[in-house]
Amino acid sequence: GLLNLEKEGEVLQDKINYDLVTGELHIIKPKKNNGFIIKDKNILGFVLKSKTENAHFTRINKNNFEDNSIERDFFLNPFSSSKKQYIVIDFRRVMNESKAENDGFTDLNNLKKYKNRSHYYILNSNNKYEKIKLNKKHLLKVLSDKKKEVTIFIKTNKLKVKKLEDLQKILHYYHSL
């Protein structure tokens, strides 16, 4: 992975591990087979690389959210090459406990499974990130100050709010008005 340090530009690390459950960033020492949690606030972001794609995570201060009770430091940035981050995703793993009855025969450990969960946040008129559901009705509620213009833009360009590329175009247009 790649770490972004505010003071020193980009620093390459051997192994970075991002815990999707706790939101902690770990650096693993390759020869010693141990690591440590990074608490450094100078780290602005990091990239997790796989064979097929790179996932860009960006540090966003909780003051930049409408709901500043958010407990994460890093958010998935689906359009990292864009100058402005209109969409960020709180991507995490959560424990999903099954509702099955404890009948004495069921192995309860098998009922606990982790599943991925994503919450989408978009930049609103106050330049704060606001949580949205990926549907047109909810998007227009958040962008209500320019609802008419946005509605026409979506219809004219045949855009779908559920598609992140389309949502990015809509938000780019909205913030250009």
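Residues numbered from 1 in each chain as written. Predicted model: local features only at pLDDT ≥ 70, side-chain atom pairs only at ≥ 80, totals over all residues. Heavy atoms only, no water.

### Brief notes about the overall build of the chain
Selection rule: The helix count covers DSSP runs of H or I at least four residues long, the strand count covers runs of E at least two residues long, and both are numbered beginning at the N terminus. A simple rule labels every residue: compare its accessible area, found with a 1.4 Å probe on the protein chains alone, to the largest value its type can have, and call it buried under 20%, exposed over 50%, or partly exposed in between. Any pair of residues with heavy atoms lying within 4.5 Å of one another is described as a contacting pair. Here the open area of atoms and residues is found with the Shrake-Rupley method and a 1.4 Å probe, where only the protein chains shown may cover a residue.
In terms of helices and strands, the chain carries four helices and eleven strands. The burial tally for the chain puts 34% of its 177 residues in the buried class. Within the chain, counting contacts between residues at least 6 apart in sequence, those at least 24 apart form 43% of the total. Counting every atom, the chain has about 12000 Å² of accessible surface; 47% of that belongs to carbon and sulfur.

### Remarks on the environment of S82
The criterion, for reference: Throughout this description, a polar contact denotes any pair of N or O atoms lying within 3.5 Å of each other; where both atoms belong to protein, one of them has to be capable of donating a hydrogen while the other can accept it, and for residues adjacent in sequence the pair is counted only when both atoms sit in side chains.
Its place among the elements puts S82 in the loop between β8 (74–76) and β9 (87–97). Separated by 86 residues in sequence, S82 and Q168 place their C-alpha atoms 9.6 Å apart. A polar contact of 3.4 Å, which involves the side chain of S82, links it to the side chain of Q168.

### Remarks on the pairing of strand β7 (residues 54–59)
Test applied: Two strands pair under a simple rule: DSSP has to find at least two bridges between them.
Relative to β7, strand β6 (residues 43–49) runs antiparallel, the two being bridged by five bridges. Across the sheet, the residue bridging to F46 is F57, located in β7. Counting the residues that bridge the hairpin from β6 to β7 gives four residues.

### Quick notes on the nonpolar core
What counts here: By nonpolar core we mean a set of buried residues, namely Ala, Val, Leu, Ile, Met, Phe, Trp, Tyr and Cys, connected to one another through side-chain atoms within 4.5 Å.
I122, L139 and L167 are the most contacted members of the largest nonpolar core, which has 41 residues in total. Here this core takes five residues from helix α4 (residues 164–176), the largest share from any one element. In this structure L139 touches I122, I132, I154, V161, L167 and I170, once residues within four positions along its chain are discounted.

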